[in-house]
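Architecture at a glance
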Amino acid sequence: MCSSVQPLQWTTDVKNQNFDGVVLVAQSHEDLPPELEVLKAPLQDYSSVDSSLGKEVVVLKVPDLPGNRLVFASTGPVNRDYDDARNFSDAANIGIKRAMKTGMKSPLLVCPPHKVYRHSTLLATLGALHGLYMPLEVREGKVKPSDLKACVLGVWVAQEDQGPRLVEVAEALESGRVACRDIGGSDPERMAAPRVADYVLELFKDSCVQVEVVSDLNSLEKDYPCLAAVNRCASSVPRHQARVIHLRYCGEGPIQKTLMLVGKGITYDTGGADIKAGGVMAGMHRDKCGAAAVAGFFQILAMLKPSHLKVIGSMAMVRNSVGSDCYVADELVVSRAGRRVRVGNTDAEGRMVMVDLLCEMKEKAVREISPHLVTIATLTGHAIRAMGPNYSIIMDNGPAHHSRNASQWQTAGDILGDVFEVSTIRREDYEFHKGKSEYEEILQCNNLPSSSTPRGHQTPAAFLIMASGLDKHGIDSDKPLPYSHIDIAGSSGPFPGVPTGAPIIAMATKYILPAEIV
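Per chain, residues are indexed from 1 in the order of the written sequence. Only residues with pLDDT of at least 70 are given local features in this predicted model, and only at 80 or more are side-chain atom pairs given and counted; all residues enter the totals for whole chains, interfaces and linings. Hydrogens and water are ignored here; the side-chain numbers use all heavy atoms of the structure.

**Quick notes on the overall build of the protein chain**
Runs of E in the DSSP output that reach at least two residues are strands. Runs of H or I that reach at least four are helices, and both are numbered from the N terminus. Broken down by element type, the protein chain carries 17 helices and 17 strands. Taken over the C-alpha trace, the protein chain has a radius of gyration of 24 Å; the compact-globule value for 518 residues is 24 Å, and the two agree within 12%. Projected onto the principal axes, the alpha-carbon positions of the protein chain cover approximately 80 × 45 × 45 Å. A burial count over the protein chain gives 59% of its 518 residues as buried. Each radius of gyration is computed over the set of C-alpha atoms, and the globule rule expresses the reference value as 2.2 Å times the number of residues to the power 0.38. To sort residues, take the accessible area from a 1.4 Å probe on protein chains only and compare it with the maximum for the residue type: under 20% means buried, over 50% means exposed, and anything in between is partly exposed.

**Quick word on the sheet that holds strand β10 (residues 309-320)**
Spatially, the eight strands line up as an open sheet ordered β7-β8-β10-β9-β13-β17-β14-β15, and their pairing is mixed. Across the chains shown, the open sheet's two edge strands, defined by having one partner strand only, are β7 (210-214) and β15 (420-424). Averaged over neighbouring strand pairs, the angle between their axes works out to 20 degrees when direction is ignored. Pairing geometry for strand β14 (residues 392-396) and strand β17 (residues 483-487), over four bridges, is antiparallel. By the bridge assignment, aspartate 396 is partnered in β17 with serine 484. Contact between two residues is taken to exist if any of their heavy atoms lie within 4.5 Å; hydrogens are not considered. Axis definition: a line fitted to C-alpha atoms, over the contacting stretch in the case of helices. Angles run 0 to 180 degrees between N-to-C directions. Where helix α15 (residues 459-468) meets the sheet, it contacts β13 (371-377), β14 and β17, and its direction lies at approximately 140 degrees from that of β17. Note on pairing: DSSP must find at least two bridges between two strands before they are called paired.

**Remarks on the pattern of salt bridges**
For this analysis, a salt bridge means a side-chain nitrogen from Lys or Arg found within 4 Å of a carboxyl oxygen belonging to Asp or Glu. Summed over all chains, the structure comprises 26 salt bridges. Ionic pairing is found between aspartate 83 and arginine 80, a salt bridge with its closest N-O pair at 2.9 Å. Between glutamate 431 and lysine 434 there is a salt bridge; the shortest N-O distance is 3.1 Å. Since its relative accessible area comes to 45%, glutamate 431 is described here as partly exposed. Look at the salt bridges and you will find they share partners, linking Glu174, Arg177 and Arg181 into a network.

**Examining the pairing of strand β6 (residues 153-156)**
Successive side chains on a regular strand alternate, one facing one side of the sheet and the next facing the other. What you see with β6 is no split at all: Leu153 and Val155 on one side and Gly154 and Trp156 on the other are buried throughout. In terms of strand pairing, strand β5 (residues 107-110) meets β6 through two bridges, oriented parallel. In the sheet register, leucine 109 faces β6, and the bridge partner there is valine 155.

**Brief notes about the confidence of the model for the protein chain**
When pLDDT is averaged along the protein chain, the result is 96, and 98% of the positions lie at 70 or above. Looking over the protein chain, one finds the lowest element-wise mean pLDDT in helix α17 (residues 514-517), namely 63, and the highest in β13, namely 99. Every residue carries a pLDDT, the predictor's confidence in it, which falls somewhere between 0 and 100.

**Some words on the sheet that holds strand β16 (residues 442-443)**
What the three strands build is an open sheet, ordered β11-β12-β16; its pairing is mixed. Where the open sheet ends on each side, the last strands, each with one partner, are β11 (332-334) and β16. Taken together, the three bridges between β11 and strand β12 (residues 340-342) define a ladder with antiparallel strand orientation. Paired with valine 333 across the two strands is valine 341, which belongs to β12.

**Section: the packing of aromatic side chains**
Here the aromatic set is Phe, Tyr and Trp, taking the six-membered ring for Trp, and pairing holds for ring centres within 6.5 Å; pairs whose planes are under 30 degrees apart are stacked, those over 60 apart are edge-to-face, and all others are tilted. In the structure shown here, the tally under the stated rule is three aromatic pairs. Between tryptophan 409 and phenylalanine 420, the aromatic rings sit 5.8 Å apart at their centres with planes inclined by 75 degrees, giving edge-to-face as the arrangement. Of this pair, tryptophan 409 sits in helix α13 (residues 405-415) while phenylalanine 420 sits in strand β15, and the two are 11 residues apart along the sequence. Residue phenylalanine 420 is classed as buried on the basis of its relative accessible area, which comes to 2%. Connected via pairs of aromatic rings, a cluster forms that spans Trp409, Phe420 and Tyr511. Here lysine 510 stacks its cationic end above the ring of tyrosine 511, 5.0 Å away from the centre of that ring. Definition used: whenever NZ (Lys) or CZ (Arg) falls within 6 Å of the ring centre and also within 35 degrees of the ring normal, the charge is taken to sit over that ring.

**Side note on the packing of helix α2 (residues 86-102) against helix α3 (residues 120-132)**
Packing of α2 against α3 leaves a shortest axis separation of 7 Å and a crossing angle of 45 degrees. In terms of axis orientation, α2 runs oblique to α3. Considering only the axes of α2 and α3, their crossing is right-handed. Counted together, Phe88, Ser89, Ala92, Asn93, Ile96, Lys97 and Met100 of α2 and Ser120, Leu123, Ala124, Gly127, Ala128, His130, Gly131 and Leu132 of α3 form the full contact between these two elements. Should an angle lie under 35 degrees it is considered roughly parallel, over 145 roughly antiparallel, and from 65 to 115 roughly perpendicular; all remaining angles are considered oblique. In a left-handed crossing the near helix is turned counterclockwise from the far helix by less than a right angle, and in a right-handed crossing that turn is clockwise.

**Looking at the environment of asparagine 397**
With respect to the secondary-structure elements, asparagine 397 resides in the loop between β14 and α12 (398-402). Residue classification places asparagine 397 among the buried residues on the basis of a relative accessible area of 6%. It is 8.3 Å that separates the C-alpha atoms of asparagine 397 and threonine 424, two residues lying 27 residues apart in sequence. Reaching out from asparagine 397, the side chain makes a polar contact with the backbone nitrogen of alanine 400 at a distance of 3.1 Å. Two N or O atoms form a polar contact when they lie within 3.5 Å of each other; inside protein one atom must be a possible hydrogen donor and the other a possible acceptor, and for residues adjacent in sequence the pair counts only when both atoms belong to side chains. From its side chain, asparagine 397 meets the backbone oxygen of leucine 481 in a polar contact 2.9 Å long.

**Quick word on the nonpolar core**
Among the nonpolar cores identified, the biggest contains 85 residues, and Phe297, Phe298 and Met315 are the most heavily contacted of them. Broken down by element, this core gets its largest block of residues, 12 residues, from helix α9 (residues 289-304). In this view, phenylalanine 297 contacts Leu259, Leu261, Val311, Ile504, Met507, Ala508, Tyr511 and Ile512; residues no more than four positions away in its chain are not counted. Residues Val355, Leu357, Leu358 and Ala489 belong to the second largest nonpolar core, which totals 46 residues. Nonpolar cores were defined as sets of buried Ala, Val, Leu, Ile, Met, Phe, Trp, Tyr and Cys residues, with membership established by side-chain atoms within 4.5 Å.

**Some thoughts on the side chain of arginine 286**
If you trace the backbone, arginine 286 turns up in the loop between β9 (257-269) and α9. Charged residues are defined here as Lys and Arg on the positive side and Asp and Glu on the negative side; His and the ends of the chain fall outside this count. Buried and without a salt bridge, arginine 286 has glutamate 137 as its closest oppositely charged side chain, separated by 8.7 Å.

Shown next, in the form of structure tokens:
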């Protein structure tokens, strides 16, 4: 059921007959290294009759190559101000899809190392793997003859000592993305909260990741009152009842860093009483991609087993249903931190389901070694309006900002094309969420869409800090706690389409692979 990853096989022989075609990803055929000279001549000949070479994906018949087939997908220029690592993964994605259309079952991906983008081969491999992902429902429904789109994906490497580690890292990263896509992309019944819990339990069975599932309604109401308010309506339908999934990984050796993750897992978002009207509800099963990213990152941890790192995660799996028992605007809810919160908009449920879990992480963090708290969520439409699609947005509280954390995440994301923009939490964001009367301390939200609200993606971070009690752990505190909020509304992927797995590649680059990647 879980994490069906496309098999990989490395080779140094571009003529290896174990494969049935070659997919070349490069800026230009003119710049190929001597080891790939066999690919250069046929492309030069082709360029004399087709000026589109380098602009479109082309397929050539080349005797002596595997399957007598060569697909060339150019990255285009990679030296302009605005080019980045995604040129390689995007080209590989397009190229592998074209290769599948030719009938290839065992394509050999060839992406020579680039002098600037040192990890171009890994980038291309990840891009190809994204194109070969098969959705969970398709796999489980036996819609296709196989659970895999290709029998094997070959990867060419220039030197033999590069092959094993490249395959190990690529398989681990893709395994995490598969878990993330499976949870985040599957429909609201297949990945209703109880079935997400089943999937996660199966995924980490017999692994180094510990899993605990909280399902008891009384426990949810006692420990996570804001989450329980959102769950109130769905709780009457057993298959939709909320689950809180706790994950834990502890690497070997003395712990040097503790990462504490909370993911938004809204299995379906109707908007609640403030219902998403006018046809904008479609696609809201993707509102669980933050929690999916937490699970995906733990899968990478389970595969690569980094030492000196401890990671604690919580997935808030809740359905925001509408009905006679749904929570409504004007309600007063007391958060786990003891803050009186006035509900302003039931469609701002994501911050509600995360805030008590964040408070719980805060309580643990004061006893951990070098803790850093992070919330990950498809939280606001404003994130897309502000930065456009494709970009995660990270914003730090004072202690995290003091260490330049957000810029470090942005740099890590640039390396393997899991890209970030940086925003800042300002005083206006805190002011926005202050209670407007003596009844409440904190206003959860206004009654406008985030995309129509000034600073619509920054203010929720201030709410999470205030309602969780993290505002007592700022730079002016005796126990400052670094905290970052990540909005992946834009980067989580298109609908219709396949989730991207953002931001777990950037997370792995920063926390698991720095010695060899950065």
